[in-house]
Amino acid sequence: MSSPFTESAGIPVNDPVPVSTYHPLVLNIPERVVDLQLKVSAPATGDTLPVILMSHGNGPSNFVSSLHGYGPVVNFWAAHGFVVIQPTHLDSMTLGLREADSFEAPLYWRSRVTDMHFILDHLDEIEAAVPGLSGRIDRNRIAAVGHSMGGHTVGMLCGETVTDPRDSSQAYLPDGRIKVGVMMGTPGRGADLAEYANERWPILNSTEFDKMTTPALIISGDDDWTPLFSARQDWRTDAYHLSPGSKDLLWLYGASHGFGGVSSYDANEIETPDENPERVATLRAMVWAYLRTQLDPGDTAWPDAVAALATQSKPMGHVESRP
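First, a word on scope: everything that follows refers to the structure included in this document. (Residues numbered from 1 in each chain as written. Predicted model: local features only at pLDDT ≥ 70, side-chain atom pairs only at ≥ 80, totals over all residues. Heavy atoms only, no water.)

## Section: the packing of helix H2 (residues 109-121) against helix H4 (residues 149-157)
Where H2 contacts H4, the axes come no closer than 9 Å and their chain directions differ by 60°. As the angle between them shows, H2 and H4 are arranged oblique. For H2 against H4, the interelement crossing comes out right-handed. Every residue of H4 that contacts H2 at Trp 109, Arg 112, Val 113, Met 116 and His 117 is listed here: Met 149, Gly 150, Thr 153, Met 156 and Leu 157. When its residues are assigned to classes, the contact of H2 with H4 shows six nonpolar, three polar and one charged. (Axes fitted to C-alpha atoms, helices over the stretch in contact; angles between N-to-C directions. Helix = DSSP H or I, 4+ residues; strand = E, 2+ residues; numbered from the N terminus. Parallel < 35°, antiparallel > 145°, perpendicular 65-115°, else oblique. Left-handed = near helix turned anticlockwise from the far one by under 90°. Contact = heavy atoms within 4.5 Å. Nonpolar A, V, L, I, M, F, W, Y, C, P; charged D, E, K, R; others polar.)

Encoded structure:
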């Protein structure tokens, strides 16, 4: 019998195909302190493939915060028809730059976004460099997905703003090539940031969502909260409640910030208190379905997935939506 971890926890998805992975693909960005390294995962078959830009979190693990992380979700999305591009942002533990003398350290909030702009500017080069991928990418169907600080990065690509500490100007860096975003465990409104977090990551205290117009799915859960970040237990849902335009919320019961282990196989090894393969399977299948329908409105994957989740005998969560 198949494990729910290797399937989709009862959410209808298409049949998987073998996946081809290529890394590191190295891009030189002028004035970036180190080259940008990418991993590209793609289905072995199929054409006009949609793209996911995957932004890692800022967590304490050595390799999760890099192109090496998020296998449980990335491999699934690639097997089910997406080209997934994973950059290693400058805040990755693998680079040792969090203590550098930079206005962006330790989160490198701006360069994370410009990494994504650069990837899209050089998509032809990336496609040509990956064996077997040339001519198979659909440039009109591009999504961005991020976890934790990666969710903040996706939010900024969708129109979320912060205040640049250098001149107090508003940093507004959306990219219209990204048609839809998915934000897992993303930071909430800056005004409600706790003192502990404000001292360590002050850029988060200016986060606002009033210009985040791109459609997005926000994912949170019962235990995706700590008073070290905010006194409000629903703080990580602010992108859903406070942004304009079409938004959806996937709330996962019992989920902590790791959502059962999205960032690594054997998540218990990196102190994921809610390690739960079925929760991971549910999340990745729901994200797959959401992106399918958002990038192709004629595709019924999302309403089918929402219905399947709601009718399960013991659902892992629920969905809220607003136009």
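Having seen the structure, we can now continue with the description.
## Quick word on the side chain of Ser 92
One can find Ser 92 in the loop between strand S4 (83-87) and H2. Taking relative accessible area as the criterion, Ser 92 reaches 0% and is therefore assigned buried. Separated by 2.7 Å, the side chains of Ser 92 and Thr 94 make a polar contact. With residues up to four places along the chain from it excluded, the contact list for Ser 92 reads His 56, Ser 65, Ser 66 and Arg 98. (Buried < 20%, exposed > 50% of the residue type's maximum accessible area, 1.4 Å probe, protein only. Polar contact = N/O pair within 3.5 Å; in protein donor to acceptor, adjacent residues only side chain to side chain.)

## Notes on helix H1 (residues 71-79)
Taking burial as the measure, the nine residues of H1 include eight buried ones, the bulk of the element. Within H1, burial applies to Gly 71, Pro 72, Val 73, Val 74, Phe 76, Trp 77, Ala 78 and Ala 79. In this fold, the buried residues of H1 make contact with strand S1 (19-27), strand S2 (36-43), strand S3 (49-55), S4, strand S5 (137-147) and helix H7 (277-295). Gly 81 sits one or two positions beyond H1 and adopts a positive phi of about 115°.

## Details of the sheet that holds S1
Backbone hydrogen bonds are what pair the strands of a sheet, in a parallel or an antiparallel way. With mixed pairing, the nine strands of this open sheet are ordered in space as S1-S2-S4-S3-S5-S8-S9-S10-S11. Every other strand in the sheet has two partners, leaving S1 and strand S11 (317-322) as the edge strands with one partner each. With strand direction ignored, the average angle separating the axes of adjacent strands in the sheet is 20°. Note that strand S9 (residues 216-223) and strand S10 (residues 247-256) share seven bridges and pair parallel. Bridge assignment links Ile 219 to a residue of S10, and that residue is Leu 250. H2 contacts S1, S2, S3, S4 and S5 of the sheet and is inclined by roughly 155° relative to S3. (Pairing = 2+ DSSP bridges.)

## Examining the packing of aromatic side chains
Under the criterion given, the structure shown has five aromatic pairs. Between Phe 103 and Trp 109, the aromatic rings sit 6.3 Å apart at their centres with planes inclined by 85°, giving edge-to-face as the arrangement. On the basis of an interplanar angle of 5° and a centroid distance of 5.3 Å, the ring pair of Trp 201 and Phe 229 is categorised as stacked. Residue Trp 201 is located in the loop between helix H5 (195-200) and S9, and its partner Phe 229 is located in the loop between S9 and helix H6 (238-242); the two are separated by 28 residues in the primary sequence. Grouping aromatic residues by their ring pairs yields a cluster made of Tyr 196, Trp 201, Phe 229 and Trp 235. Above the ring of Tyr 172, the side-chain terminus of Lys 211 is found at 5.2 Å from the ring centroid. Just above the ring of Tyr 240 sits the side chain of Arg 322; from NZ or CZ to the centre is 5.4 Å. (Phe/Tyr/Trp six-rings, centres within 6.5 Å; stacked < 30°, edge-to-face > 60°. Lys NZ or Arg CZ within 6 Å of the ring centre and 35° of its normal.)

## A closer look at the pattern of salt bridges
In total, this model carries 17 salt bridges according to the counting rule given. The salt bridge involving Arg 139 is made with Glu 127; its shortest N-O contact spans 2.6 Å. Here the residue Arg 139 occupies a position in strand S5, and Glu 127 occupies one in helix H3 (residues 123-129), the gap between them amounting to twelve residues. Relative accessible area serves as the criterion here: at 32%, Arg 139 is assigned to the partly exposed category. Glu 127 sits in the buried class, given a relative accessible area of 7%. A salt bridge links Asp 274 to Arg 279; the shortest N-O distance between them is 3.1 Å. Each of the two residues, Asp 274 as well as Arg 279, counts as buried. (Salt bridge = Lys/Arg side-chain N within 4 Å of Asp/Glu carboxyl O.)

## Quick notes on the side chain of Thr 293
For Thr 293, the location among the structural elements is in helix H7. From its side chain, Thr 293 meets the backbone nitrogen of Trp 302 in a polar contact 2.9 Å long. The residues touching Thr 293, leaving out its near neighbours within four places in the chain, are Asp 299, Thr 300, Ala 301, Trp 302 and Pro 303.

## Description of the packing of H7 against helix H8 (residues 301-310)
Between two packed helices, what matters for the description is the angle formed by their axes and the separation of those axes. Contact geometry of H7 with H8 gives a least axis separation of 7 Å together with a crossing angle of 150°. Looking at the two axes, H7 sits roughly antiparallel to H8. On H8, the residues that touch Thr 282, Met 286, Trp 288, Ala 289, Tyr 290, Arg 292 and Thr 293 of H7 are Ala 301, Trp 302, Pro 303, Ala 305, Val 306 and Leu 309. Here the residues of the contact of H7 with H8 sort into ten nonpolar, two polar and one charged.

## Some thoughts on unusual backbone geometry
For the peptide bond that leads from His 23 to Pro 24, omega is -5°, which places it in the cis range. Along the polypeptide, Pro 24 turns up in strand S1. The step from Ala 105 to Pro 106 runs through a cis peptide bond, and the omega angle for that step is 5°. With respect to the element layout, Pro 106 can be found in the loop between S4 and H2. At Tyr 70, a position not held by glycine, the phi torsion is positive, near 65°. Here Tyr 70 is to be found in the loop between S3 and H1. The class for Tyr 70 is buried, based on a relative accessible area of 2%. One non-glycine residue with positive phi stands out, namely Tyr 108, at about 50°.

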